[in-house]
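Analysis of the macromolecular model
What follows is each chain in one-letter form.
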Amino acid sequence: MLTPVEEYNGIYYKRDDLYCPWGDVNGGKVRQAKKLFEQYDWPGVIASVSVYSPTGPVISRVAKEYEKKCIIAVGGTKPELLDKLPMMKLAQHFGAEVRIVAGHGMKTAINARVNEICKDSGYHNIDYSKHIYQDSDLMFDTNAEQAQNIPDELDVLVMSLGVGIQFACVLKGLKKYSKKVKRIIGVQVGPDRRKLIDGYLNQNPLIESRFDLRYELVQYKSAYSKSEIQKVSNFYLDDIYEAKAHKWMLENINMDQKILFWCVGRRLISDEVESICKR
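Residues numbered from 1 in each chain as written. Predicted model: local features only at pLDDT ≥ 70, side-chain atom pairs only at ≥ 80, totals over all residues. Heavy atoms only, no water.

**What to know about the overall build of the protein chain**
A tally of regular secondary structure across the protein chain gives 10 helices and 12 strands. The C-alpha radius of gyration computed for the protein chain amounts to 18 Å, which stays within 12% of the reference 19 Å derived for 279 residues, consistent with globular compactness. Every one of the 279 residues in the protein chain was classed for burial, and the buried ones make up 53%. Partitioning the intrachain contacts of the protein chain with sequence separation of at least 6 by distance along the chain shows that 73% fall at a separation of at least 24. (Helix = DSSP H or I, 4+ residues; strand = E, 2+ residues; numbered from the N terminus. Rg over C-alpha atoms; globule rule 2.2 N^0.38 Å. Buried < 20%, exposed > 50% of the residue type's maximum accessible area, 1.4 Å probe, protein only. Contact = heavy atoms within 4.5 Å.)

This is the structure in structure tokens:
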């Protein structure tokens, strides 16, 4: 099923946030997680995430649907905050155990602890950055197919990115479905991800020609955790990533062009989280 492309104020929006199979968590990460749970019969899963990341609720919600145990591993926070931080509160509502595994947010320490838990429990570490290599066809094709119904020719395509996995999937889709886009721009909220993206796209350099679709990466100067609420017509953009990318687009791109903004999927805002948790 293809999510729609809508037009507001002369700008096209690919509404992948409307992939919402259970009426709560949404977007391309949900689609990929669902496919992984369909393919593998894990006894349980563990995911290391930022306390602000929507990945925690996504994994815990899909695990709930497939009746699998789930641990969300975090660092650098306090136990009393787990019931207040919206993404952590939502993950727990979906049945996950949120476990503080390190006193800080350094990835190496968190990953070491996650590996220990996996060894002791038999749970699978569900990590998108690993699965893009281990299950590349599944991860790429599942979301690349969403490029089918965007306009065949565009002047500009803009998309927010974190580690760049969803961005790489869209690039694959643009090439697969022969979409002609003059400028493909990824707006980074965080460090530069070009090496990671190039790695995702060129996993078999000895047997495959180098991925040749050109793209640009630009930096949005903002603290990662800073929320920027922005609404387009009747829908919200993700407040950590997409709202910032959208603002950059409005400030830096000539609007007298054929432009598409790709909505990857958004974290639910606090009021939505409270409403779900009260059900």
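**Quick notes on the packing of aromatic side chains**
Applying the stated criterion across every chain, the model contains 10 aromatic pairs. Note on Tyr8 and Tyr13: the rings are 6.0 Å apart at their centroids and 55° apart in plane angle, and the pair reads as tilted. This pair shows no difference in class: Tyr8 is buried, exactly as Tyr13 is. Consider the rings of Phe167 and Tyr215, whose centres lie 5.5 Å apart with planes at 75°: the pair is edge-to-face. With Phe167 in helix α7 (residues 165-176) and Tyr215 in the loop between α8 (194-201) and β9 (216-219), this residue pair connects regions lying 48 residues apart in the sequence. Pair check on accessibility: Phe167 and Tyr215 agree, each one buried. Chaining the aromatic ring pairs together yields one cluster made of Tyr8, Tyr13, Phe235 and Phe261. Stacked on the ring of Tyr128, the Lys or Arg Lys29 has its end atom at 5.7 Å from the ring centre. Of note, Arg61 hangs over the ring of Phe94, and the distance from its end group to the ring centre comes to 5.5 Å. (Phe/Tyr/Trp six-rings, centres within 6.5 Å; stacked < 30°, edge-to-face > 60°. Lys NZ or Arg CZ within 6 Å of the ring centre and 35° of its normal.)

**Re the sheet that holds strand β1 (residues 5-8)**
Pairing is mixed across the open sheet formed by 6 strands, whose spatial order is β1-β2-β12-β7-β8-β9. One side of each edge strand has no neighbouring strand; the edge strands of this open sheet are β1 and β9. Between one strand and the next, the sheet's axes are offset by a mean angle of 25°, whatever the strand orientation. In this sheet, strand β8 (residues 180-188) lies alongside strand β7 (residues 153-161) in parallel orientation, the contact comprising 8 bridges. Counterpart to Leu154 in the pairing with β8 is Val181. Helix-sheet contacts for helix α9 (residues 242-252) involve β2 (11-15), β7, β8, β9 and β12 (259-263), and the interaxial angle to β12 is about 170°. (Pairing = 2+ DSSP bridges. Axes fitted to C-alpha atoms, helices over the stretch in contact; angles between N-to-C directions.)

**What to know about the packing of helix α6 (residues 136-144) against α7**
In contact at an axis separation of 8 Å, α6 and α7 are set at 70° when each is read in the N-to-C sense. On the basis of their axis angle, the class for α6 and α7 is roughly perpendicular. Taken as a pair, α6 and α7 cross one another with a handedness that is right-handed. For the pair α6 and α7, contact is made by Met139, Phe140, Asp141, Asn143 and Ala144 and by Gln166, Ala168, Cys169, Lys172, Gly173 and Lys176, respectively. Residues of the contact of α6 with α7, tallied by class, amount to 5 nonpolar, 3 polar and 3 charged. (Parallel < 35°, antiparallel > 145°, perpendicular 65-115°, else oblique. Left-handed = near helix turned anticlockwise from the far one by under 90°. Nonpolar A, V, L, I, M, F, W, Y, C, P; charged D, E, K, R; others polar.)

**A short note on the packing of helix α1 (residues 28-39) against α7**
Axis angle and axis distance: for two packed helices, these are the angle between their axes and the distance between the axes, and together they describe the pair. Between α1 and α7, the least distance of the axes is 11 Å, while the angle of their chain directions is 85°. With respect to α7, the element α1 is oriented roughly perpendicular. Residues Gly28, Lys29 and Gln32 of α1 pack against Ile165, Gln166 and Cys169 of α7. Here the contact of α1 with α7 is composed, by residue class, of 2 nonpolar, 3 polar and 1 charged.

**Quick notes on unusual backbone geometry**
Positioned with a positive phi, Asn9 is a non-glycine residue whose angle comes to about 50°. Secondary-structure assignment places Asn9 in the loop between β1 and β2. Under the relative-accessibility criterion, Asn9 is labelled exposed at 81%. In this structure, Glu67 is a non-glycine residue whose phi angle is positive, near 55°. Mapped onto the elements, Glu67 comes out in the loop between α2 (55-65) and β4 (69-75).

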